[in-house]
Amino acid sequence: MHQDTDTAVDRAASIVESYFRAPVDSLVETAAAVSRDLDAVRAAGPLTVSELDALVQPHAMTLLALPDLAVYGAGYVAAIDLLDDARSHLAWWQGSDRSRLVLAAQSLGKERIDYSEMEWFRVPHATGRPHVAGPYVDYLCSDEYTVTIAAPVASRGAFAGVAALDLLVDSIERDLTPRLEEVGLPVTLVNGVGRVVVSTDHRSGAGDSVRGSRLATLPRVSCGEVALDVIVG
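Residues numbered from 1 in each chain as written. Predicted model: local features only at pLDDT ≥ 70, side-chain atom pairs only at ≥ 80, totals over all residues. Heavy atoms only, no water.

1. Some words on the pattern of salt bridges
Applied cut-off: Each reported salt bridge corresponds to a side-chain nitrogen of Lys or Arg within 4 Å of a carboxyl oxygen of Asp or Glu. Helix and strand assignments come from DSSP, with helices taken as H or I runs of at least 4 residues and strands as E runs of at least 2, each series counted from the N terminus. Type-normalised accessible area, obtained with a 1.4 Å probe on protein chains alone, sets the label of each residue: buried when under 20%, exposed when over 50%, and partly exposed for intermediate values.
Tallied over the full model, the rule gives nine salt bridges. Across the pair Arg11 and Glu182 runs a salt bridge whose closest N-O atoms are separated by 3.6 Å. A residue pair is termed long-range when its members are at least 10 positions apart, and Arg11 in helix 1 (residues 3-44) and Glu182 in the loop between helix 5 (169-181) and strand 7 (187-190) qualify at 171 residues. The exposure class of Glu182 is exposed, given its relative accessible area of 55%. Of the charged contacts, one joins Glu17 and Arg21 as a salt bridge, the two residues approaching to 3.0 Å between their closest N and O atoms. In this pair, Glu17 and Arg21 both sit in helix 1, four residues apart, roughly one turn of the helix. On the accessibility criterion, Glu17 (22% relative accessible area) is partly exposed. One continuous salt-bridge network, built from bridges that share partners, spans Glu17, Arg21 and Asp25.

In structure tokens, the structure reads:
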């Protein structure tokens, strides 16, 4: 890369890392708080869906109100068989009215979806670290093109689920596109498998794969600890 491109890449990666750092840090704090609350409730007896919802709701409201970020949904997704009265559960609030998600009332079969293999759940479980997953169509919650950020929660020394929040790709594009345009060269933000999150190049759209395209020949640079890369040029 030439010096101008090197500078542009560093600036683009810094912009992306800064944008995602606040929600990642907030989720790590939320995960720690939920962990403490879970331990306290479980010490008093079996953990139920209603108890979990009551425990999580104030944390979800805090995440939904994060400044300078249009958080669409937030909450906690329990590890399989953690609860006494349900095999799985999403304690989740979303939308402009911050309403609680009730899967069975939304669509037939959604309550039976096995989320344990979804990237936003599986990767934090496997690594013990926060993860940025997407973009993908979130058929479980919003039915919108979404990026999910999740952080692992522990209870009694074992994995107990994830604290998470959803950002709609549309809002990420509105936030990041003008900032990335200031870099002065075309910038494309991609996930770990080379799928576009946002791009200032009109030839690339959210969800496109860079595999086999001209972008595949350009260097990909990591955005700090955020599991995303930038391609400049």
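We are not done yet, so read on.
2. Quick look at the environment of Ser171
Quick reminder of the rule: Note on contacts: a residue pair is in contact if any heavy atoms of the two residues lie within 4.5 Å.
Along the polypeptide, Ser171 turns up in helix 5. Sequence spacing of Ser171 and Val197 is 26 residues, and the spatial spacing of their C-alpha atoms is 11 Å. Residues in contact with Ser171, not counting those within four places in the same chain, are Tyr19 and Ala70.

3. So, the packing of aromatic side chains
Operational definition: Two rings belonging to Phe, Tyr or Trp (six-membered ring only in the last case) form a pair when the distance between their centres is within 6.5 Å. Interplanar angles under 30 degrees mark stacking, angles over 60 mark edge-to-face geometry, and anything in between is tilted.
The final tally for this structure, using the stated rule, is five aromatic pairs. Considering the side-chain rings of Trp120 and Phe121, the 6.2 Å spacing of their centres and the 85 degrees angle between planes classify their relative orientation as edge-to-face. When its relative accessible area of 7% is taken as the criterion, Trp120 is described as buried. In this structure Phe121 comes out as buried when scored by relative accessible area, which is 2%. Taken together, the ring pairs connect Tyr115, Trp120, Phe121 and Phe159 into an aromatic cluster.

4. So, the pairing of strand 7
Using the following cut-off: At least two DSSP bridges between two strands are required for those strands to pair.
Neither face of strand 7 is left uncovered, since the one carrying Val187 and Leu189 and the one carrying Thr188 and Val190 both have all their residues buried. Direction of pairing for strand 7 relative to strand 10 (residues 226-232): antiparallel, over a ladder of four bridges. By the bridge assignment, Thr188 is partnered in strand 10 with Ile231. In this structure, strand 7 lies alongside strand 8 (residues 196-199), joined through three bridges in antiparallel fashion. By the bridge assignment, Val190 is partnered in strand 8 with Val196.

5. Concerning the side chain of Asp201
Worth spelling out the cut-off: As used in this structure description, the phrase polar contact means that two N or O atoms lie within 3.5 Å; if the pair is within protein, one of them must be able to donate a hydrogen and the other to accept it, and residues adjacent in sequence are counted only when both atoms belong to side chains.
As for its position among the elements, Asp201 is in the loop between strand 8 and strand 9 (221-223). Within the structure, Asp201 has its side chain in polar contact with the side chain of Arg214 (distance 2.3 Å). Look past the residues within four positions of Asp201 in its chain and what remains in contact with it is Pro186, Val187, Thr188 and Arg214.

6. Concerning helix 2 (residues 49-64)
Heads up, the rule is: Take the number of residues in a helix, subtract one, and multiply by 1.5 Å to get its expected span. Two axes enter the definition of the bend at a residue: one is fitted to the seven residues ending there, the other to the seven starting there, and the bend is the angle between them.
Spanning 16 residues, helix 2 covers 21 Å between terminal C-alpha atoms, matching the ideal 22 Å at 1.5 Å per step. At Val56, helix 2 shows its maximal kink, close to 35 degrees; a proline, Pro58, follows between one and four residues later. All buried positions along helix 2 are accounted for by Val49, Leu52, Asp53, Leu55, Val56, His59, Ala60, Leu63 and Leu64.

7. Description of empty space enclosed by the protein
Going by this rule: Note on definitions: the grid is 1 Å and covers protein atoms alone; a cavity is a set of points where a 1.4 Å probe fits but cannot get out; a pocket is an open set with protein on both sides within 12 Å along at least five of seven lines; lining residues have an atom within 4 Å of a point. Grid points are joined across faces, edges and corners, and a volume is the space filled by probe spheres set on the points. Ten residue types, Ala, Val, Leu, Ile, Met, Phe, Trp, Tyr, Cys and Pro, are classed as nonpolar, four, Asp, Glu, Lys and Arg, as charged, and the remainder, Gly among them, as polar.
A complete count under the given rule lists one cavity of 30 Å³ or more for this structure. By volume, the largest cavity amounts to about 60 Å³. Along its surface, the largest cavity is lined by Val77, Leu90, Trp92, Trp120, Tyr136, Asp138, Cys141, Thr148, Ala164 and Asp166. Broken down by secondary-structure element, the contributors of at least two residues to the lining of the largest cavity are strand 2 (90-94) and strand 6 (158-168). Counted by class, the lining of the largest cavity contains seven nonpolar, one polar and two charged residues.

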